[in-house]
Every structure is written in C-alpha cells, then in structure tokens.
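Summary of the model geometry
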Amino acid sequence: MERTFFIIKPDAVARGLVGQVIERIERRGFNLEALSMMTASPELIAQHYEHLADKPFFLLLVQYMTSGPVIAGILTGPEVIKSWRDMMGATNPLQALPGTIRGDFATAPVDGIVANVVHGSDSAEAAEREIGLWLGK
Ligand code: DAT
Ligand code: MG
C-alpha cells in the first residue's frame, strides 16, 4: 500500500470543482486518508516547489498557488503515486488528454500561468516530504 500527497489547487476550489475531483478519487477506489482546507503562504509554496525556484515562472507560480484556498490531502492505495499522476494528466493542460483531470477541467495557459487544477507527488520520497511540509504527518 502506497500513499501520496495531493492538492486541489486554488483555480479548482474557486471554480467549484472540489466535488468532481473527490468523486474521481473515490470512483477509482483510492482512500482519502486526510483532507485539509487552507490558504498556503508564499513560504510554504516556495518550499513545496523549491526545485523550480530558478525558473522564470516561479513568482507567477507562487502568486497562483497563494491566490485562494486549496484542499490538501493524502491518498492511499495500490500504486497510488503513479495512478494519481496518470489521472491528473500532463502538466500543461494543452497537452493533457481528455479523460484526465487536467484534460477535462483546464484550458491552455493564459499569461504564463499554468492553472492546472491538481497536484500530485511524483515519487515516494516527494510524497513523504510534502506530507510533512503541508500536514505535519
Ligand atoms: P506537475 O505539477 O505536473 O508535477 P511540475 O512539478 O514540473 O509539474 O511543475 C509544478 C507546477 O509549476 C505545475 O503544476 C505548473 C507550474 N509550471 C510548470 N511548468 C511551467 C511553465 N513552463 N510555465 C508556467 N508554470 C509552470
Ligand atoms: Mg511536480
């Protein structure tokens, strides 16, 4: 049994997509282990995305991720790290296939902001780091 960390990002909360994202998680058979609503600080987002700190879009990314409340949580289940990444779809919604969350709920980037609805950890190490950072668990 694996666990991963996920975020329903500010654009999705503002658009009222929380229920539809959670519905997909439950439909797939993954277990919601923790769920928390919060508005992230710039410091938290800077730590979360520290590997992107030198990118030209970093400030826009921090502004986007702190623009409103998010839902952050833990999913458990067999191979949930890869499965959740597959359910999310490609980072850029322009490349995300229909049937994926990003491919079904997000448009191509506007003004350099990749507002792509959801986050998911990309490895077991990242999941543990992010769960500690966001949820202290
Ligand atoms: P993912 O969220 O698919 O794991 P990532 O870790 O490479 O992708 O990037 C984290 C977030 O940063 C991504 O969800 C949106 C933003 N981002 C990535 N590449 C970007 C780009 N070229 N321009 C603007 N924002 C970008
Ligand atoms: Mg990532």
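Please read these numbers as outputs of a predicted model, since none were measured by experiment. (Residues numbered from 1 in each chain as written. Chains lettered and ligands numbered in written order. Predicted model: local features only at pLDDT ≥ 70, side-chain atom pairs only at ≥ 80, totals over all residues. Heavy atoms only, no water.)

Considering the packing of aromatic side chains
A full pass over the atoms with the stated rule returns two aromatic pairs. Plain terms: the ring middles of Phe 5 and Trp 134 are 5.6 Å apart, the flat faces sit at 35° to each other, and that makes the pair tilted. Here the residue Phe 5 occupies a position in strand β1 (residues 2-8), and Trp 134 occupies one in helix α7 (residues 124-135), the gap between them amounting to 129 residues. By the burial criterion, Phe 5 is buried, and Trp 134 matches it. Ring centres of Phe 6 and Trp 84 lie 5.8 Å apart, and the angle between their planes is 70°; this geometry places the pair in the edge-to-face category. One end of the pair, Phe 6, is in strand β1; the other, Trp 84, is in helix α5 (residues 80-88), with 78 residues separating them in the sequence. An identical accessibility class is assigned to Phe 6 and Trp 84; each is buried. (Phe/Tyr/Trp six-rings, centres within 6.5 Å; stacked < 30°, edge-to-face > 60°. Helix = DSSP H or I, 4+ residues; strand = E, 2+ residues; numbered from the N terminus. Buried < 20%, exposed > 50% of the residue type's maximum accessible area, 1.4 Å probe, protein only.)

As for the sheet that holds strand β3 (residues 70-77)
Spatially, four strands are ordered β2-β3-β1-β4 in an open sheet, and the strand pairing comes out antiparallel. Looking at the sheet topology across the chains shown, the edges are occupied by β2 (31-38) and β4 (118-120). For this sheet, the mean inter-axis angle between neighbouring strands, taken without regard to orientation, is 20°. Pairing analysis gives seven bridges linking β2 to β3, with the strands arranged antiparallel. Residue pairing in the sheet places Ser 36 in a bridge with Ala 72 of β3. (Pairing = 2+ DSSP bridges. Axes fitted to C-alpha atoms, helices over the stretch in contact; angles between N-to-C directions.)

Considering the site of ligand 1
As a matter of local geometry, ligand 1 sits amid Lys 9, Tyr 49, His 51, Leu 52, Phe 57, Leu 61, Arg 85, Thr 91, Arg 102, Gly 112, Val 114 and Asn 116. The contact in question runs from an oxygen atom of ligand 1 to an N or O atom on the side chain of Thr 91, over 2.5 Å. Between an oxygen atom of ligand 1 and a side-chain N or O atom of Asn 116, the distance comes to 2.8 Å. Protein burial of ligand 1: of its 520 Å² of free accessible surface, 75% is covered by the chains. Class assignment of the residues belonging to the shell around ligand 1 gives a composition of five nonpolar, four polar and three charged. (Near = heavy atom within 4 Å. Polar contact = N/O pair within 3.5 Å; in protein donor to acceptor, adjacent residues only side chain to side chain. Areas by Shrake-Rupley, 256 points an atom, 1.4 Å probe, with all protein chains shown as cover. Nonpolar A, V, L, I, M, F, W, Y, C, P; charged D, E, K, R; others polar.)

No statement about biological role is implied by the geometric values presented.
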